[in-house]
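Residue-level structural notes
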Amino acid sequence: QVQLVESGGGLVQAGGSLRLSCAASGRTFSTYAMGWFRQAPGKEREFVASISWSGSTTIYADSVKGRSTISRDNAKNTVYLQMNKMKPEDTAVYYCAQGKGTVVVTTSSGVGSWGQGTQVTVSS
């Protein structure tokens, strides 16, 4: 029903910045909440950030709060995750996620669709 494609991952030095992008197609984008999750080797997939359909409400995990900003451009069917002051523990595969409605999602059970993921590696 929807296709989500992440981009913007790669290698970055500790303290550096990256901006991840997620382009959506296949169904109406602006009526759904969007989010970002990540999964490091040997760990469970964890919540990173979420944004409501209108962009008026954002939620962040404590691990990235103050360093990250989630935003969306509904005209471009794209959601972004700006990450600053990155740490080695930010290393993971980052997944774009679309919720099942307009309410922000913070758990995998609330996700309707997943992207394929983009690798982020932070060196120390």
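Residues numbered from 1 in each chain as written. Predicted model: local features only at pLDDT ≥ 70, side-chain atom pairs only at ≥ 80, totals over all residues. Heavy atoms only, no water.

Two modes of strand pairing occur in sheets, parallel and antiparallel, and in both the strands are linked by backbone hydrogen bonds. Sheet architecture is open: 4 strands sit in the order E1-E3-E8-E7, paired in antiparallel fashion. The open sheet has two edge strands, strand E1 (3–7) and strand E7 (68–73), and neither has a second partner. Each strand of the sheet is rotated relative to its neighbour by a mean of 15 degrees, with strand direction disregarded. In terms of strand pairing, strand E3 (residues 18–25) meets strand E8 (residues 78–83) through 6 bridges, oriented antiparallel. Looking across to E8, one finds that Ser21 is bridged to Tyr80. (Pairing = 2+ DSSP bridges. Helix = DSSP H or I, 4+ residues; strand = E, 2+ residues; numbered from the N terminus. Axes fitted to C-alpha atoms, helices over the stretch in contact; angles between N-to-C directions.)

To continue, consider the nonpolar core. In this structure, Met34, Trp36, Ile70, Val79, Leu81 and Tyr94 are the most contacted members of the largest nonpolar core, which totals 31 residues. Looking at this core, the elements that each hand over two or more residues are E3, strand E4 (34–39), strand E5 (46–51), E8, strand E9 (92–99) and strand E11 (118–123). Once residues lying within four places of it in the same chain are set aside, the contact partners of Leu81 are Leu18, Arg19, Leu20, Trp36, Val48, Ala49, Ser68, Thr69, Ile70 and Tyr94. (Core = buried A, V, L, I, M, F, W, Y, C linked by side-chain atoms within 4.5 Å. Buried < 20%, exposed > 50% of the residue type's maximum accessible area, 1.4 Å probe, protein only. Contact = heavy atoms within 4.5 Å.)

With that out of the way, let us pick up the packing of aromatic side chains. If you walk through the whole model with that rule in mind, you get 3 aromatic pairs. Both rings, one in Phe37 and one in Phe47, keep their centres 5.7 Å apart while their planes meet at 75 degrees; by these two values the pair is edge-to-face. A residue pair is termed long-range when its members are at least 10 positions apart, and Phe37 in strand E4 and Phe47 in strand E5 qualify at 10 residues. Of the two residues, Phe37 and Phe47, neither departs from the other in class, the shared state being buried. Relative to Trp114, the ring of Phe37 lies with its centre 5.1 Å away and its plane at 70 degrees, an arrangement referred to as edge-to-face. Taken together, the residues Phe37 in strand E4 and Trp114 in strand E10 (residues 111–114) connect sequence positions 77 residues apart. Taken together through their ring pairs, the aromatic side chains of Phe37, Phe47, Tyr95 and Trp114 make up a single cluster. Directly above the ring of Trp114 sits Arg45, whose terminal nitrogen or CZ lies 4.6 Å from the centroid. (Phe/Tyr/Trp six-rings, centres within 6.5 Å; stacked < 30°, edge-to-face > 60°. Lys NZ or Arg CZ within 6 Å of the ring centre and 35° of its normal.)

Okay, unusual backbone geometry next. Its identity as a non-glycine residue notwithstanding, Asn77 has a phi of 55 degrees, on the positive side. Here Asn77 shows up in the loop between E7 and E8. On the basis of relative accessibility, which here comes to 29%, the residue Asn77 falls in the partly exposed class. Even without being a glycine, Lys85 presents a positive backbone phi close to 45 degrees. Examined against the element boundaries, Lys85 turns out to sit in the loop between E8 and E9. With relative accessibility at 61%, the residue Lys85 sits in the exposed group.

Quick look at the pairing of E1 now. The two faces of E1 differ: Leu4 and Glu6 on one face are buried, but Gln3, Val5 and Ser7 on the other face are not. Looking at chain direction, E1 and E3 are connected through 5 bridges and run antiparallel. Across the sheet, Ser7 pairs through a bridge with Ser21, a residue of E3.

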